[in-house]
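Report on the structure
Chain by chain, the residues run as shown.
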Amino acid sequence: MRLRNRMKLELLSLPGNVRLARIAVAAFASEVDYNVSDLEEIKVAVSEAVSNAITHGYQQKKDGVISLTATLFTDALEIVVQDHGKGIDDLEQAFEPNSSSDPERMGLGFVFMRSFMDKVDVVSEPGQGTTVKLRKKLPDKVQAET
Ligand SMILES: Nc1ncnc2c1ncn2[C@@H]1O[C@H](COP(=O)(O)OP(=O)(O)OP(=O)(O)O)[C@@H](O)[C@H]1O
Ligand SMILES: [Mg+2]
């Protein structure tokens, strides 16, 4: 899996940065000709991961640091969203739909991430933070060219 390109961003845990993260990743991915629906799915998955870091990881605290790394390999796009916030006690439960720790929420963020991306890996340590790795295969045509 050859490395083609990489971008690293550091974002403060401000709600407005969800949009910034989504736009930055879409721009980064634009060198690959994903179709509109794939690109839309990538944007939703990134938004969900970053908004989780802000609302759950840092619990609305505005000076938390979120790191976002996007890497383009010859066969896939990989996006890693990392926070050093609260962490997740029970990952299995967090993956369940409707299992939000906040009764106002739908608890669908991980469900979307897992259905829109080819692979979702989550590593989390209570009190230490959470790392979400999202992976989506490149369109077949691009893989053939590289
Ligand atoms: N970065 C994170 N830090 C701490 N807890 C997290 C983090 N991401 C997710 N969680 C926990 O996992 C649960 C499930 O996350 P998920 O995104 O699926 O649902 P939600 O955020 O509660 O609701 P929705 O995404 O639909 O608004 C959250 O309720 C929260 O308890
Ligand atoms: Mg969520």
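Preceding this section is the structure that the text describes.
Below, the structure is looked at part by part. This is a predicted model, so every value here is computed, not measured. Sequence positions are assigned chain by chain, starting from 1 and proceeding in written order. Chain labels run from A onward and ligand labels from 1 onward, assigned in the order the entries are written. Local features in this predicted model are restricted to residues whose pLDDT is 70 or higher, and side-chain atom pairs enter the listing and the counts only when it is 80 or higher, whereas totals over whole chains, interfaces and linings include all residues. Calculated side-chain values reflect all of the structure's heavy atoms, with hydrogen atoms and water omitted.

Section: a nonpolar patch on the surface
As a reminder of what qualifies: Residues with no salt bridge and a relative accessible area higher than 30% make up the patches, which join like charges within 9 Å and nonpolar side chains (Val, Leu, Ile, Met, Phe, Trp, Tyr) within 5 Å. Only the protein chains shown count as cover for residues, and all accessible areas are computed by the Shrake-Rupley method using a 1.4 Å probe. We define a salt bridge as a side-chain nitrogen of Lys or Arg found within 4 Å of a carboxyl oxygen belonging to Asp or Glu. Secondary structure follows DSSP: runs of H or I at least 4 residues long count as helices, runs of E at least 2 residues long count as strands, and numbering of each begins at the N terminus. Only protein chains enter the accessibility calculation, which uses a 1.4 Å probe; a residue is then buried when its area is under 20% of its type maximum, exposed when over 50%, and partly exposed in between.
A surface patch of nonpolar side chains, amounting to about 200 Å² of accessible area, comprises L12, L14 and V65. Within the element layout of this structure, L12 appears in strand β1 (residues 3-12). For L12, a relative accessible area of 41% translates into the label partly exposed.

Details of the site of ligand 1
Definition in use: Neighbouring residues are identified by heavy atoms, a residue being near a molecule or strand if any of them is within 4 Å of it. Polar contact is defined as a pair of N or O atoms within 3.5 Å, subject to the rule that within protein one atom must be able to donate a hydrogen and the other to accept it, and that residues adjacent in sequence are counted only when both atoms are side-chain atoms.
Neighbouring residues of ligand 1: 18 residues in total, closest N52, H56, S100, S101 and L108. Contacts to ligand 1 include D83, whose side-chain N or O atom sits 2.9 Å from a nitrogen atom. Against a free-state accessible area of 600 Å², the protein chains account for coverage of 91% of ligand 1. Elements that contribute at least two residues to the shell around ligand 1 include exactly α2 (36-57) and α4 (109-116).

Structural notes on unusual backbone geometry
Excluding glycine, a negative phi dihedral is what most residues carry, and trans is how most peptide bonds are arranged. Positive phi is not limited to glycine here, since Q60 has a value of about 75°. By the secondary structure assignment, Q60 is in the loop between α2 and β2 (65-73). Owing to a relative accessible area of 46%, Q60 belongs among the partly exposed residues under this scheme. A positive phi is found at N98, a non-glycine position, where the angle reads about 60°. By secondary structure assignment, the location of N98 is in the loop between α3 (91-95) and α4.

Topic: a negative patch on the surface
We count it as follows: Under this rule, positive means Lys or Arg and negative means Asp or Glu; His and the chain ends count for nothing. Think of each charge as sitting on NZ of Lys, CZ of Arg, CG of Asp or CD of Glu.
Together, D89, D90, E92 and E96 give the surface a local cluster of negative charge. Looking at where D89 falls in the secondary structure, it is placed in the loop between β3 (76-83) and α3.

Description of the pairing of strand β4 (residues 119-125)
In the case of a regular strand, side chains alternate between the two sheet surfaces. Applied cut-off: Here a strand pair is declared whenever DSSP counts at least two bridges between the two strands.
Along β4, the buried face is formed by V120, V122 and S124; none of K119, D121, V123 and E125, which line the opposite face, is buried. The hairpin turn running from β4 into strand β5 (residues 129-137), its antiparallel successor, is three residues long, and G127 in that turn takes a positive phi close to 85°.

Quick notes on the packing of aromatic side chains
What counts here: Aromatic pairs are defined between Phe, Tyr and Trp rings, using the six-membered ring for Trp, whenever the two ring centres lie within 6.5 Å; interplanar angles under 30 degrees are classed as stacked, those over 60 as edge-to-face, and all others as tilted.
Summed over the entire model, instances satisfying the criterion amount to two aromatic pairs. Considering the side-chain rings of F95 and F110, the 5.1 Å spacing of their centres and the 90° angle between planes classify their relative orientation as edge-to-face. Of the two residues, F95 sits in helix α3 while F110 sits in helix α4, which places them 15 residues apart along the sequence. You'll find F95 and F110 in the same group, each marked buried. Between F112 and F116, the aromatic rings sit 5.7 Å apart at their centres with planes inclined by 5°, giving stacked as the arrangement. Taken together, the positions of F112 and F116, both in helix α4 and four residues apart, correspond to about one turn of that helix. Its relative accessible area of 31% is what places F112 among the partly exposed residues. In this structure F116 comes out as partly exposed when scored by relative accessible area, which is 21%.

Focus: the pattern of salt bridges
The final tally for this structure, using the stated rule, is nine salt bridges. Between E31 and R4 there is a salt bridge, with the nearest N and O atoms lying 3.3 Å from each other. Placement of the pair is E31 in the loop between α1 (17-29) and α2 and R4 in strand β1, with a sequence separation of 27 residues. One salt bridge connects E41 with K136, and the closest N-O pair in it is separated by 2.9 Å. Of the two residues, E41 sits in helix α2 while K136 sits in strand β5, which places them 95 residues apart along the sequence. Here the salt bridges share partners, and the residues they tie into one network are D38, E41 and K136.

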